[in-house]
Protein chains: 2
Amino acid sequence: MNEAERKADTRHKIELGGLVLKAGFGDDKALVLGALLDAINRLNSADGLYEKQRFVSLGNAALNKK
Amino acid sequence: MNEAERKADTRHKIELGGLVLKAGFGDDKALVLGALLDAINRLNSADGLYEKQRFVSLGNAALNKK
């Protein structure tokens, strides 16, 4: 990974980390990672498409409210 | 926020953003934020304590596997 790629990667992580804080999570890494893994499990389940639409709808509503 | 606080805040976001990628999410901000908000809703529900324990257990298993 070159310097520019490393910077883009860092910016991307900062942006995603901002979403974690925006959602209301704090410092508990295990809680955050577990919540994310649970969501991935839902997305990979038989109801995945429904869950994806529900998540995107929730997320867009919050992003557009900021 | 002074320089040291700003740096700590950035480091924290990078760490949290790393968890989002580790869980398997990509670039879809709305999907990530929606999944996180859905998890927060679960944590604030009547089953919140159970959900918290489940999330922490899932998260710790993944953190200890790295």
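Summarised in this report is the structure supplied together with it. (Residues numbered from 1 in each chain as written. Chains lettered and ligands numbered in written order. Predicted model: local features only at pLDDT ≥ 70, side-chain atom pairs only at ≥ 80, totals over all residues. Heavy atoms only, no water.)

1. Considering the pattern of salt bridges
Here is step 1: The full count for this structure, using the stated rule, is 14 salt bridges over all chains.
Here is step 2: Across the pair A:Lys29 and B:Glu15 runs a salt bridge, and its minimum N-O distance is 3.5 Å. With one member in each of two chains, A:Lys29 in helix α2 (residues 29–43) and B:Glu15 in helix α1 (residues 3–23) form a pair that bridges those chains.
Here is step 3: We classify A:Lys29 as partly exposed; its relative accessible area is 26%.
Here is step 4: With relative accessibility at 38%, the residue B:Glu15 sits in the partly exposed group.
Here is step 5: In this structure, the salt-bridge partner of B:Arg54 is B:Glu51, at a minimum N-O distance of 2.9 Å. Of this pair, B:Arg54 and B:Glu51 both sit in helix α3 (residues 48–65), 3 residues apart, roughly one helical turn. (Salt bridge = Lys/Arg side-chain N within 4 Å of Asp/Glu carboxyl O. Helix = DSSP H or I, 4+ residues; strand = E, 2+ residues; numbered from the N terminus. Buried < 20%, exposed > 50% of the residue type's maximum accessible area, 1.4 Å probe, protein only.)

2. Observations concerning α3(B)
Here is step 1: The terminal C-alpha atoms of α3(B) lie 26 Å apart, and with 18 residues this matches the ideal 26 Å at 1.5 Å per residue to within 8%.
Here is step 2: Every buried residue of α3(B) is listed here: B:Gly48, B:Glu51, B:Phe55, B:Gly59, B:Ala62 and B:Leu63. Buried residues of α3(B), viewed axially, fall in a sector of 100°; they line one side. Away from the buried face of α3(B) by more than 90 degrees, exposed residues B:Leu49, B:Tyr50, B:Gln53, B:Asn64 and B:Lys65 are located.
Here is step 3: Next to the buried residues of α3(B) lie α2 of chain A together with α1 and α2 (29–43) of chain B. (Expected span 1.5 Å × (residues − 1). Arc of directions from axis to C-beta. Contact = heavy atoms within 4.5 Å.)

3. Notes on the interface of chain A and chain B
Here is step 1: Taken together, the contact between chain A and chain B spans 42 residues of the former and 42 residues of the latter.
Here is step 2: When chain A packs against chain B, the two sides together hide about 3,900 Å² of surface, and 78% of this comes from carbon and sulfur.
Here is step 3: It is A:Lys29, A:Leu33 and A:Leu36 that lose the most area in chain A upon contact with chain B, and together they represent 15% of the buried surface on that side.
Here is step 4: Residue assignment for the side of chain A that touches chain B shows that the elements contributing at least two residues are α1 (3–23), α2 and α3 (48–65) of chain A.
Here is step 5: For the side of chain A that touches chain B, the element with the highest residue contribution is α2(A), accounting for 14 residues.
Here is step 6: Split by residue class, the side of chain A that touches chain B holds 22 nonpolar, 9 polar and 11 charged. (Buried area = accessible area lost by both parts, 1.4 Å probe. Nonpolar A, V, L, I, M, F, W, Y, C, P; charged D, E, K, R; others polar.)

4. Considerations on the side chain of A:Asp38
Here is step 1: By the secondary structure assignment, A:Asp38 is in helix α2.
Here is step 2: For A:Asp38, a relative accessible area of 7% translates into the label buried.
Here is step 3: When sequence neighbours within four positions are dropped, the list of residues in contact with A:Asp38 reads B:Arg42, B:Arg54, B:Phe55 and B:Leu58.

5. Remarks on the relation of the copies chain A and chain B
Here is step 1: Each copy of the sequence occupies a distinct position, and chain A is placed on chain B by a rotation of 180° and an axial shift of 0.0 Å, giving an RMSD of 0.0 Å. This pairing of chains is accounted for by a two-fold axis. Closest approach to the rotation axis among the C-alpha atoms of chain A is made by A:Gly17, whose C-alpha sits 2.0 Å away.
Here is step 2: Of the interface residues in chain A, 100% have counterparts in chain B that sit at the interface too, so the contact is made through matching surfaces. (Least-squares fit on C-alpha atoms with pLDDT ≥ 70 in both.)

6. Some points on the nonpolar core
Here is step 1: Ranked by internal contacts, the top residues of the largest apolar core, which has 36 residues, are A:Phe25, A:Leu36, B:Phe25 and B:Leu36.
Here is step 2: Counting only elements with at least two residues in this core, the list comes to α1, α2 and α3 of chain A together with α1, α2 and α3 of chain B.
Here is step 3: Excluding residues within four positions of it along the chain, B:Phe25 makes contact with A:Leu36, A:Ala39, A:Ile40, A:Leu43, B:Val20, B:Leu31, B:Val32 and B:Ala35. (Core = buried A, V, L, I, M, F, W, Y, C linked by side-chain atoms within 4.5 Å.)

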